[in-house]
Amino acid sequence: MSQAPDYPLELEPADLSPYRQGTSGVDYVHSFRGPRAGPHVMINALTHGNELCGMHVVKRLLDLNIRPVCGELTLSFANVAAYQLFSPQRLDARFLDRDFNRLWHDELLQEDSHSIEARRAHEMLPVVRTVDRLLDLHSTWHALKPFFVLPKFAKTRALADALGYPGRQLFLPELRHEGYHLIDYTPFRQDDAGAVALIVECGQHFARSSVDNAWQTAVRMLQVCGVVDLAVAADLHAAAVAPANASIERFEIVQPVIAESDHLEMLGSYAGFDAYPLGACAAMDGQKSILAPFEDAIVIAPRPAPAKGQQAFAWGRRVA
Ligand SMILES: [Zn+2]
């Protein structure tokens, strides 16, 4: 089997104990109200405990002591219990009992009052229920190019377009086989409700560049939602400029590709989103060529060195 890459740990975990006492009555959840009416904007980190870039960005926003000029701003660290286990020996500290990002449905939450993640979700629910605009900061184990993950609703696409960075948008399939993300919680999941939520995948979990991507996206969120005067801090202001001529590319997943051997290797990059013409060879699975099944087929989320039976990547296509 070919070796999975070893990603250097460029980011330090930070001590979050000074941020424990939240202002909303919920640990690690800080909400501030502005003097005028406006949307409730939430920027959330650590939905997964080992995704450090969001933690650094939310911490940096809290350290800037920014306050909303209108509406409400919530800055939060979600699965701190998992994060606290993170160390160079526990790089996989994503969750403890169950994935915090697969339980955001009232029925699932009613069934579970015991797992660490469901208990944390119950704590955060009163805040989440009042959010109008949610940006959930994530990263990926492999070094993928940054992209948004979002439902295909017009309202969510409009927010991703307005943010403009990153310019790639990957639409979630209609069916949630694995469970419900935080961004799937009612009313984010209703096309006709006002609340909007999206995930941004900022790059590799431990890469410094992922913090830069998360920072730019978070600051754009504050700018686009109009809740913060970005002139209050130079590094907010610097990141606030809309990416010039941001080109938006939208993708949806068509079919997974499962490795049939322990020797599947992509011929192109492992950063994802490469396009292949119909019939072009994208990977070798042992002796077998994996050919693009349609014109302009897009490689989504390639995994270096998948084992036999694991998903190696997915074929996706561009959508308008
Ligand atoms: Zn994640």
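Here the structure is a predicted model, which means the values were calculated and not measured. (Residues numbered from 1 in each chain as written. Predicted model: local features only at pLDDT ≥ 70, side-chain atom pairs only at ≥ 80, totals over all residues. Heavy atoms only, no water.)

1. Quick look at the coordination of the zinc ion
Tetrahedral coordination by four donors places them ideally at 109.5 degrees to one another around the metal; octahedral coordination by six donors ideally gives 90 or 180 degrees. His48 (ND1), Glu51 (OE), Glu51 (OE) and His138 (ND1) make up the full set of protein donors to the zinc ion, lying at 2.1 to 2.3 Å. Between the four donor atoms coordinating the zinc ion, the angles at the centre fall across 58 to 146 degrees, so the site counts as irregular. Along the chain, the residues donating to the zinc ion are arranged with the sequence spacing H-x2-E-x86-H. On the basis of relative accessible area, Glu51 is assigned to the buried category, the value being 1%. (Donors = N, O, S within 2.8 Å, 3.2 Å for Na, K, Ca; no water. Tetrahedral: all angles 85-135°; square planar, octahedral: opposite > 155°, others 65-115°. Buried < 20%, exposed > 50% of the residue type's maximum accessible area, 1.4 Å probe, protein only.)

2. Points about the pattern of salt bridges
Under the defined criterion, the tally for this structure stands at 16 salt bridges. The closest approach of N and O atoms between Arg33 and Glu72, which form a salt bridge, is 3.5 Å. Separated by 39 residues along the polypeptide, Arg33 in strand β1 (residues 29-33) and Glu72 in strand β3 (residues 72-77) bring together distant segments of the chain. Ionic pairing is found between Glu51 and Arg94, a salt bridge with its closest N-O pair at 3.5 Å. Taken together, the positions of Glu51 in the loop between β2 (40-45) and α1 (52-63) and Arg94 in the loop between α2 (80-83) and α3 (106-111) put the pair 43 residues apart, joining distant regions of the chain. A residue is classified by how much of its surface remains accessible, and Arg94, at 27% relative accessible area, is partly exposed. A single network of salt bridges, built from pairs that share partners, joins Glu51, Arg94 and Asp99. (Salt bridge = Lys/Arg side-chain N within 4 Å of Asp/Glu carboxyl O. Helix = DSSP H or I, 4+ residues; strand = E, 2+ residues; numbered from the N terminus.)

3. Observations regarding the domain arrangement of the chain
Taken domain by domain, the chain comprises domain 1 (17-240) and domain 2 (251-319). Spacing between the C-alpha centres of domain 1 and domain 2 amounts to 29 Å. On inspection of domain 1 and its partner domain 2, the count reaches one salt bridge. Among the salt bridges present, the one from Glu252 reaches Lys152, with a minimum N-O distance of 2.9 Å. It is strand β6 (residues 168-171) that contributes the most residues to the side of domain 1 that touches domain 2, four residues altogether. Broken down by class, the residue content of the side of domain 1 that touches domain 2 amounts to five nonpolar, two polar and three charged. (Domains from an automatic or database assignment. Nonpolar A, V, L, I, M, F, W, Y, C, P; charged D, E, K, R; others polar.)

4. Describing the pairing of strand β11 (residues 281-285)
Residues in a regular strand point their side chains to alternate faces of the sheet. Inspection of the sheet shows strand β9 (residues 264-266) paired to β11 by three bridges, in the antiparallel sense. Residue pairing for β11: Leu264 is matched across the bridge by Asp285. In the sheet, β11 pairs with strand β12 (residues 288-291) via four bridges, with the strands oriented antiparallel. Opposite Met284, over in β12, you have Ser289 as the bridge partner. From the end of β11 to the start of β12, which pair antiparallel, there are two residues, and Gly286 there has a positive phi angle of about 65 degrees. (Pairing = 2+ DSSP bridges.)

5. What about the side chain of Arg102?
Topologically, Arg102 is positioned in the loop between α2 and α3. Setting aside its immediate chain neighbours within four residues, Arg102 contacts Arg94, Leu108, Glu178, Gly179, Tyr180 and His181. (Contact = heavy atoms within 4.5 Å.)

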